[in-house]
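Each chain, written out:
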Amino acid sequence: MFKKRIAILAACVVVLATILAGCGGSTTAGTAGKSTFKAGMVTDTGGVNDKSFNQSSWEGLQSFAKANRLKVGTDVKYLQSTQASDYSPNLNQLVHQSYNVVFGIGFLMQNDVQNVAEQNPNAKLGIIDAVAVGKDNKPLKNVASITFKEEQGSFLVGVVAGMMTKTNQVGFIGGVNSALIKKFENGFKAGVKAVNPKASIDVQYAGAFNAPDKGQAIASTMYTKGADIIYASAGDTGNGVFTEAKDRTKNGKKVWVIGVDKDQYAQGLPQNVTLTSMVKRVDKAIYDVATKAKAGKFPGGQVLMYGLKENGVGIAPTTKNMPQNVLDRVNAYKQKIIDGSIKVPTTDREYQTYLSNLK
């Protein structure tokens, strides 16, 4: 009887130890294996240091990492694309590495994001400057499409250019001629004409977002023909415009550049050639969507739009090269756009209608 009791007691001890070990193991595994939220992005060919929207996107993702105590380089990272054929492999790499949300930066990645999203229905993706749709032409449920009213911010820098040009000639240099960059172009032209109907506006496209040499060559031609202010909406290509403006200023001919996407004041130093910049808060949008995804509220299937009202576009905070009367005029037009009394054109046809109404 005694031996039988000992055996039963021993068995109970073993069972209890097993249960405790199981609980202990579960706790340890739960702690050690606790899933960390991971967010990644894929740049377009302009690269992460384009001083434009790729860089702004990465800054937004880094801010998200800091706010959530995530490790940059592992929990939060980017993959750089050197050519268009890199888009799909880079997106797939992050998806297959179980990143909770993956951003494709730029409208040129639209088809790749759509394909990856459809092939990986459980993945969560975001795309900048495009609306990801499926075969039914409806927004994909696992993609957040992040768009901006670039024409509104471009209108405001157009007001600056129209008021501050001394030659009555200004220029616009675009990257790839597309519906997106046309929004920048037509918004800018509308702003110029609103305050200076006699100003002429030279428009040229470089055909690429990663060709600073070409940007410099186009800028050289425009400045030589008399333009004293150029608005560049061209990613890394626009950096060539800054190079040309600084070279000319060093040689005694003062010209200006209007930057894009980020406050590019520092880009114009030490020659101080940045008149202002049209800030496009891609960083804010990336931060917002990543935060929602982490909270379990990923806006999949939604088309998010950031304009002046949402503080998604506007004039850069550095305003030291603009007199107060120009800033006052900018703020007055900003309010008119927000309240709907001015509808900024986005296409060539809308721009022609806008001009007709001005007359």
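Here, every reference points to the structure presented above.
Since the model is a prediction, treat every value here as computed from it, not as a measurement.

Basis of the calculations
Residues numbered from 1 in each chain as written. Predicted model: local features only at pLDDT ≥ 70, side-chain atom pairs only at ≥ 80, totals over all residues. Heavy atoms only, no water. Pairing = 2+ DSSP bridges. Helix = DSSP H or I, 4+ residues; strand = E, 2+ residues; numbered from the N terminus. Axes fitted to C-alpha atoms, helices over the stretch in contact; angles between N-to-C directions. Contact = heavy atoms within 4.5 Å. Buried < 20%, exposed > 50% of the residue type's maximum accessible area, 1.4 Å probe, protein only. Salt bridge = Lys/Arg side-chain N within 4 Å of Asp/Glu carboxyl O. Core = buried A, V, L, I, M, F, W, Y, C linked by side-chain atoms within 4.5 Å. Polar contact = N/O pair within 3.5 Å; in protein donor to acceptor, adjacent residues only side chain to side chain. Expected span 1.5 Å × (residues − 1). Parallel < 35°, antiparallel > 145°, perpendicular 65-115°, else oblique. Left-handed = near helix turned anticlockwise from the far one by under 90°.

Details of the sheet that holds strand 5 (residues 143–148)
What holds strands together in a sheet is hydrogen bonding between their backbones, with the strands either parallel or antiparallel. In space, the six strands of this open sheet follow the order 2-1-3-4-5-11, with parallel pairing throughout. Each of the sheet's edge strands pairs with one partner strand only, and the pair in question is strand 2 (76–79) and strand 11 (303–306). Direction aside, neighbouring strands of the sheet carry axes that sit 20° apart on average. Direction of pairing for strand 1 (residues 39–42) relative to strand 2: parallel, over a ladder of four bridges. Bridge pairing in strand 2 links Gly-40 to Lys-77. Those strands touched by helix 9 (residues 282–294) are strand 3 (101–104), strand 4 (125–128), strand 5 and strand 11, and its axis lies near 155° from that of strand 5.

Overview of unusual backbone geometry
The linkage connecting Leu-269 with the following residue, Pro-270, adopts the cis geometry, with an omega of 5°. Here Asn-311, not a glycine, exhibits a phi torsion of approximately 60°, which is positive. Position of Asn-311 among the secondary structure elements: in the loop between strand 11 and strand 12 (313–315). Accessibility expressed as a relative area gives 46% for Asn-311, which makes it partly exposed.

A short note on the pattern of salt bridges
Applying the stated criterion across every chain, the model contains 12 salt bridges. A salt bridge links Lys-182 to Glu-185, with the shortest nitrogen-to-oxygen separation between them at 3.0 Å. Here the residue Lys-182 and the residue Glu-185 both occupy positions in helix 6 (residues 179–195), the gap between them amounting to three residues, near one helical turn. Judged by relative accessible area, which is 16%, Lys-182 ranks as buried.

Section: the nonpolar core
Membership of the largest hydrophobic core comes to 87 residues, with the highest contact counts inside it found for Phe-103, Leu-125, Ile-146, Phe-155, Phe-188 and Tyr-231. The element best represented in this core is helix 6, accounting for eight residues. Excluding anything up to four places from it in sequence, Leu-125 contacts Leu-91, Val-95, Val-102, Val-113, Val-116, Ala-117, Asn-142, Val-143, Ala-144 and Phe-298. Counting 15 residues, the second largest nonpolar core, distinct from the first, contains Ile-173, Ala-219, Tyr-223 and Ala-245.

A closer look at the side chain of Glu-150
Tracing the backbone through its elements, the reader meets Glu-150 in helix 5 (residues 150–164). Note on Glu-150: relative accessible area 0%, which makes it buried. A distance of 2.8 Å separates the side chain of Glu-150 from the side chain of Lys-280, its partner in a polar contact. The residues touching Glu-150, leaving out its near neighbours within four places in the chain, are Asp-129, Leu-180, Lys-183, Phe-184, Met-278, Lys-280 and Val-313.

What about helix 5?
A rise of 1.5 Å per residue sets the reference length of helix 5, with its 15 residues, at 21 Å; its end C-alpha atoms lie 21 Å apart and thus fit the reference within 8%. With 14 of 15 residues buried, helix 5 is to be regarded as a mostly interior element.

Here we look at the packing of helix 7 (residues 212–224) against helix 8 (residues 238–250)
Here helix 7 crosses helix 8 at 45°, and the two axes come no closer than 7 Å. With respect to their mutual orientation, helix 7 and helix 8 come out oblique. Taken as a pair, helix 7 and helix 8 cross one another with a handedness that is right-handed. Residue-level contacts link Pro-212, Gly-215, Gln-216, Ala-219, Ser-220, Tyr-223 and Thr-224 of helix 7 to Gly-240, Val-241, Thr-243, Glu-244, Ala-245, Asp-247 and Arg-248 of helix 8.

Let's talk about the sheet that holds strand 8 (residues 229–233)
Spatial strand order, 7-6-8-9-10-12: six strands in an open sheet with mixed pairing. In the strand order of this sheet, the two ends are held by strand 7 (200–205) and strand 12, each with one partner. The sheet shows a mean angle of 15° between the axes of neighbouring strands, taken without regard to direction. Note: strand 6 (residues 169–174) against strand 7, six bridges, orientation parallel.

Looking at the environment of Leu-327
Relative to the helices and strands, Leu-327 resides in helix 10 (residues 324–338). Taking C-alpha positions, Leu-327 is 15 Å from Thr-165, a pair spaced 162 residues apart along the chain. Sequence-distant contacts of Leu-327, defined by excluding residues within four places in its chain, comprise Thr-319 and Met-322.

Some points on the environment of Glu-59
Locating Glu-59 in the fold gives a position in helix 2 (residues 53–67). Judged by relative accessible area, Glu-59 falls into the partly exposed class, the value being 28%. For the pair Glu-59 and Val-48, spaced 11 residues apart in the sequence, the C-alpha separation amounts to 9.5 Å.

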